[in-house]
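# Residue-level structural notes
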Amino acid sequence: MTEAQRRSAYEQWVRAHGPELYRCAYRLTGKTQTAEDLVQETFVEAWRSAEKLRDPEKARGWLFQILRYRHLHAVRDSKRRMEGQPGRVPLTGDVPAHDTTAKIEQLDSIQVGLASLDQRLRETLLMVVMEGLTAQEAADKLGVPMGTVLSRLHRARERLRETMAEPRPVTRGIQ
Amino acid sequence: MQEESDNPTFRERMQQAALLPEIDPVRLAFLKQLQSGNEAVGDAQWQVLLAETESLKLQLQSVSIPNDLITRLLAIPDSQAIQAPAPSPLPFYKRPLGELLTLGRLSIAAALILVIAAGWWAIQLLGARQQAGAIEHVALLAEDIHKSLAAAPPGGGGADRIDTSDPKAAEAWLKTRVSFPAIMLSAPNVKLTGAAVVKLANAPAALTRWQRDGHSYSLFEFLPQSLNLPPDFAQQTRQDPSGAPYKMILWTDSNKGCAWVLVMDQSAPSSFTY
């Protein structure tokens, strides 16, 4: 692959998949800045290892795979940092449990629901619903049985339904 | 926590299938079963779940994309090129002088020069101290012999000696005993009293004894290198550190290759020629 070909392929990836990667990153993290950083890291990695992609048809899946990998590392690093701090409970989601009501209000209802999901449930749901992987493909990438993927999908859907049905806290000024 | 349900209910399977892509074999298999079941209730539930899934997808997709995201992503290759490691530098002898003479390198060079200069100065100082110590040592050895000869009875002292007032006789006598030509002092009222060969710290030295205006003199002549002295050093005068009334004058003559110590009373005149 020449330098020009590499650059051309890269630009195509950005234009074709940049927005959907950002959407997925945002749904994974719930934070715009973190999502931007994640997508940026993904494309830096993609540019550096562009020659590893043998089949251009698989660029989308490859980019999502990098995104998930980077996110997984970020979550692990975050948990490690949190565990190092005495008296604080490691968070299960990207929206902290102690976050203020005002901050939660800034999120859309689906993001509130996603934030209530276990990391594994959220990741599996997004792989299938946003990335469009089949149950078997998701199972292969996650390294779990397909039944586990189906079970996670069901539980994620149930939990989302419950969360989104709950009345959301509303902040009001003092009358 | 048990993640996998071993026996999912029909509704659970329906929910799972509704979330899966249309091409998913699991979904297709479920749909096949649903269609063959002739269950109107099941079909109605399926339609509700599909609508719910579509709504979920739409909600998940409803994320505002930052305006400049694509621009920033497209700029990554350029920024990576800037951060790429520089090409291997040329060998130092091919690089321009201005590139080599950086502030850091000049600082290091200056520091090295300072270290070398300090080392050189320390070596010189140490050498000077060692030299001064050696001269002092020779002066004291000579003084000791001068004192012992002064206290010895005439003809005593045990050294290889000759009692003579004739400088030529003394010179001839010494010539056969030491490897260097002995000098004879010359000054008004000075008189030779004898000559001898003595040891200064195991180094052979020619000794001539002199009298002048009631003062005794002992002149020691030797090869400077035999006593670890430099071959050429400026004339020096030493006093006895214990307060004895003697002084010692030391000098060299590079033409003759010899060094001398003249020991005398502190009040004795020290002007001689040879």
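Look a little higher up for the structure.
This report concerns the structure included in the present document.

What counts and how
Counting starts from 1 at the beginning of each chain's written sequence and moves along it residue by residue. Lettering for chains starts from A, numbering for ligands starts from 1, and both go in the order in which the items are written. Per-residue local features of the predicted model are confined to residues with pLDDT of at least 70, and side-chain atom pairs are confined, for both listing and counting, to 80 or more; whole-chain, interface and lining totals are unaffected and use all residues. The side-chain values count all of the structure's non-hydrogen atoms but skip hydrogen atoms and water molecules. A contact between two residues is defined here by any heavy atoms of the two lying within 4.5 Å. The quantity reported as buried area is the accessible area (1.4 Å probe) lost by two parts once they are put together, taken as the sum for both. We define a salt bridge as a side-chain nitrogen of Lys or Arg found within 4 Å of a carboxyl oxygen belonging to Asp or Glu. Polar contacts here mean pairs of N or O atoms no more than 3.5 Å apart (in protein, one a potential hydrogen donor and the other a potential acceptor; neighbouring residues in sequence count only if both atoms are side-chain atoms). Helix and strand assignments come from DSSP, with helices taken as H or I runs of at least 4 residues and strands as E runs of at least 2, each series counted from the N terminus. A simple rule labels every residue: compare its accessible area, found with a 1.4 Å probe on the protein chains alone, to the largest value its type can have, and call it buried under 20%, exposed over 50%, or partly exposed in between. Any two strands with at least two DSSP-identified bridges between them are counted as paired.

Here we come to the interface of chain B and chain A. Chain B puts 34 residues into the contact, and the matching count from chain A is 47 residues. In total, about 3,800 Å² of surface goes out of reach between chain B and chain A, with carbon and sulfur atoms giving 62% of it. Connecting chain B to chain A are four salt bridges. We note a salt bridge from E52(B) to R157(A), for which the minimum N-O separation is 2.7 Å. The interface formed by chain B and chain A holds 14 residue pairs in polar contact (both at pLDDT 80 or more) in total. Of all the secondary-structure elements, those providing two or more residues to the side of chain B that touches chain A are α1 (10-19), α3 (40-61), α4 (69-74) and α5 (76-83) of chain B.

Residue and element names in this part refer to chain B. The buried fraction of strand β2 (residues 190-200) is high, at eight of 11 residues. Pairing between strand β1 (residues 160-162) and β2: three bridges, direction antiparallel. For I162, the partnering residue across the bridge sits in β2 and is A195. Two strands pair when backbone bridges link them, and β2 and strand β3 (residues 203-212) are joined in this way by 10 bridges, in the antiparallel orientation. Considered in β3, the bridge of A195 is made with T208. Between β2 and β3, which follow one another and run antiparallel, lie two residues, and A201 among them has a positive phi close to 50°.

On to the environment of E45(A), then. All names here are of chain A. On the secondary structure map, E45 appears in helix α2 (residues 32-48). For E45, a relative accessible area of 28% gives the class partly exposed. For the pair formed by E45 and L63, sequence separation is 18 residues and the distance between their alpha carbons is 9.2 Å. Each residue touching E45, except ones within four places of it in the same chain, is listed here: I66 and R70.

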